[in-house]
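# Coordinate inspection notes
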Amino acid sequence: MDSSARFPLRGFLRRSRPAWVRWAAVLALVMLLALPGLFLVAPAARADLCSNALPNGGFENPDGWAVQSAGSYAVISDFWARSGQYSAYLAGVDNASDRLTATVSLPQVDSITLSFWWLMQTEESGTGSDGLTVQVADANGNPLQVLATVSDASVSGVWQQASADLTAYAGQTVQIQFLAQTDDTLSTDFYVDDVEASACTATDETFWLFLPITRR
Ligand SMILES: [Ca+2]
Ligand SMILES: [Ca+2]
């Protein structure tokens, strides 16, 4: 068998090609063979697509929030906000019983994370007798799970962020409830702002990065 049939490139170079064509072919072959040594091929992390399923969590617009209070004060107020002008200001008096509820249709996605910012300040001395409970309930208000608790024994006077996993409720309509209660002496303030339910879908795309290998 003609060796040029087994090695097409050899045949290509042997035939009556102009010299510059043969050199260009050889150079292209060398670059092709050297490519893996010049570049590191690395898969990049997948990027999740997320959206917020809980609008008005900054309380600048009270739409979507239902308020029940034993007192006659406004629970959504401009007294001390973390963002914008408004936040939820629960309790702040003795014998408080405040309930702030958002009804949310959680999409059928891969993961859902509830996050919110809270700030507590108190006249108590860390007894834990005043508290804020964050819980998820079904659409009728029946409690399903406590997500977080804050009490007068928690960090005081500084905005803190908390988060909880809501993935188990994907595809369901649920209530997110903030419940504040105080006893009959030494009041505690509970502020809440910037509530979000981040619903994320994992993408199937994998990105490949060609990183040049450099030496110092
Ligand atoms: Ca706000
Ligand atoms: Ca108290």
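The coordinates are above.
Here the structure is a predicted model, which is why all the values come from computation and not from measurement.

The next point concerns the packing of aromatic side chains. Throughout the structure, instances matching the rule amount to 7 aromatic pairs. Aromatic pair Phe59 and Trp65: ring centres 4.7 Å apart, planes at 35°, arrangement tilted. Just as Phe59 is buried, Trp65 falls in that class too. Three or more aromatic residues link up through ring pairs in this structure, and these residues are Phe79, Trp80, Tyr89, Trp159 and Tyr191. Lying across the ring of Trp117, Arg82 places its NZ or CZ 3.7 Å from the centre.

The next thing to look at is the coordination of the calcium ion (ligand 2). Summarising the metal site, the calcium ion (ligand 2) is bound by the protein donors Glu124 (OE), Asp130 (OD), Asp130 (OD), Asp183 (OD), Thr185 (O) and Leu186 (O), whose distances to it range over 2.2 to 2.6 Å. Classification of the site at the calcium ion (ligand 2) rests on its 6 donor atoms, whose angles at the metal span 52 to 151°, yielding the label irregular. Mapped onto the polypeptide sequence, the residues donating to the calcium ion (ligand 2) form the spacing pattern E-x5-D-x52-D-x1-T-L. Of this pair, Asp130 sits in the loop between β7 (111–122) and β8 (131–138) while Leu186 sits in the loop between β11 (173–181) and β12 (188–202), and the two are 56 residues apart along the sequence.

Glancing now at the sheet that holds β8. Across the sheet, 5 strands lie side by side as β3-β6-β11-β8-β9; this open sheet has antiparallel pairing. Edge positions in the sheet fall to β3 (65–69) and β9 (143–151), since each of these pairs with one other strand and no more. When strand polarity is set aside, the average angle formed by the axes of neighbouring strands in this sheet is 15°. As paired strands, β3 and strand β6 (residues 97–105) are joined by 5 bridges and run antiparallel to one another. Paired with Trp65 across the two strands is Ala102, which belongs to β6.

Further remarks concern the environment of Pro107. Mapped onto the elements, Pro107 comes out in the loop between β6 and β7. The spatial distance from the C-alpha of Pro107 to the C-alpha of Ala53 is 7.6 Å, given a sequence separation of 54 residues. What Pro107 contacts, discounting residues up to four positions off in sequence, is Ala53, Ile112, Ala170, Gly171 and Ala199.

Moving on: the pairing of β9. Each regular strand carries side chains that alternate between the two faces of the sheet. Across 7 bridges, the pairing between β8 and β9 is antiparallel. Counterpart to Val134 in the pairing with β9 is Ala148. Taken together, β8 and the strand that follows it, β9, pair antiparallel across an intervening segment of 4 residues, in which Gly141 is found at a positive phi of about 95°.

All right, on to the nonpolar core then. Within the largest apolar cluster, 40 residues are counted, with the highest numbers of intra-cluster contacts made by Leu90, Phe116 and Phe178. Elements that contribute at least two residues to this core include exactly β5 (87–91), β6, β7, β8, β9, β10 (160–165), β11 and β12. Once residues lying within four places of it in the same chain are set aside, the contact partners of Leu90 are Val75, Asp98, Leu100, Leu132, Phe178, Ala180, Thr188, Asp189, Phe190 and Val192.

The next point concerns unusual backbone geometry. Positive phi values are uncommon outside glycine, yet Leu186 reaches one of about 55°. Judged by its relative accessible area of 38%, Leu186 falls in the partly exposed class. Phi at Asp194 takes a positive value of approximately 55°, unusual for a residue other than glycine.

Turning next to the pattern of salt bridges. All told, the structure shown has 1 salt bridge when counted by the stated rule. Arg82 serves as the salt-bridge partner of Asp194, at 2.6 Å between the closest nitrogen and oxygen. Taken together, the residues span a long stretch of sequence, with Asp194 in strand β12 and Arg82 in the loop between β4 (76–77) and β5 at a distance of 112 residues. A relative accessible area of 36% places Arg82 in the partly exposed class.

Using the criterion set out here, one finds 1 disulfide in the structure. Across the disulfide from Cys50 sits Cys200; the S-S distance is 2.0 Å. On the sign convention where negative means left-handed, the S-S torsion of about 110° between Cys50 and Cys200 marks this disulfide as right-handed. Remark: Cys200 occurs in strand β12 and Cys50 occurs in strand β2 (residues 48–52); sequence separation between them is 150 residues. A residue is classified by how much of its surface remains accessible, and Cys50, at 44% relative accessible area, is partly exposed.

What counts and what doesn't
- Residues numbered from 1 in each chain as written.
- Chains lettered and ligands numbered in written order.
- Predicted model: local features only at pLDDT ≥ 70, side-chain atom pairs only at ≥ 80, totals over all residues.
- Heavy atoms only, no water.
- Phe/Tyr/Trp six-rings, centres within 6.5 Å; stacked < 30°, edge-to-face > 60°.
- Buried < 20%, exposed > 50% of the residue type's maximum accessible area, 1.4 Å probe, protein only.
- Lys NZ or Arg CZ within 6 Å of the ring centre and 35° of its normal.
- Donors = N, O, S within 2.8 Å, 3.2 Å for Na, K, Ca; no water.
- Tetrahedral: all angles 85-135°; square planar, octahedral: opposite > 155°, others 65-115°.
- Helix = DSSP H or I, 4+ residues; strand = E, 2+ residues; numbered from the N terminus.
- Pairing = 2+ DSSP bridges.
- Axes fitted to C-alpha atoms, helices over the stretch in contact; angles between N-to-C directions.
- Contact = heavy atoms within 4.5 Å.
- Core = buried A, V, L, I, M, F, W, Y, C linked by side-chain atoms within 4.5 Å.
- Salt bridge = Lys/Arg side-chain N within 4 Å of Asp/Glu carboxyl O.
- Disulfide = S-S within 2.5 Å.

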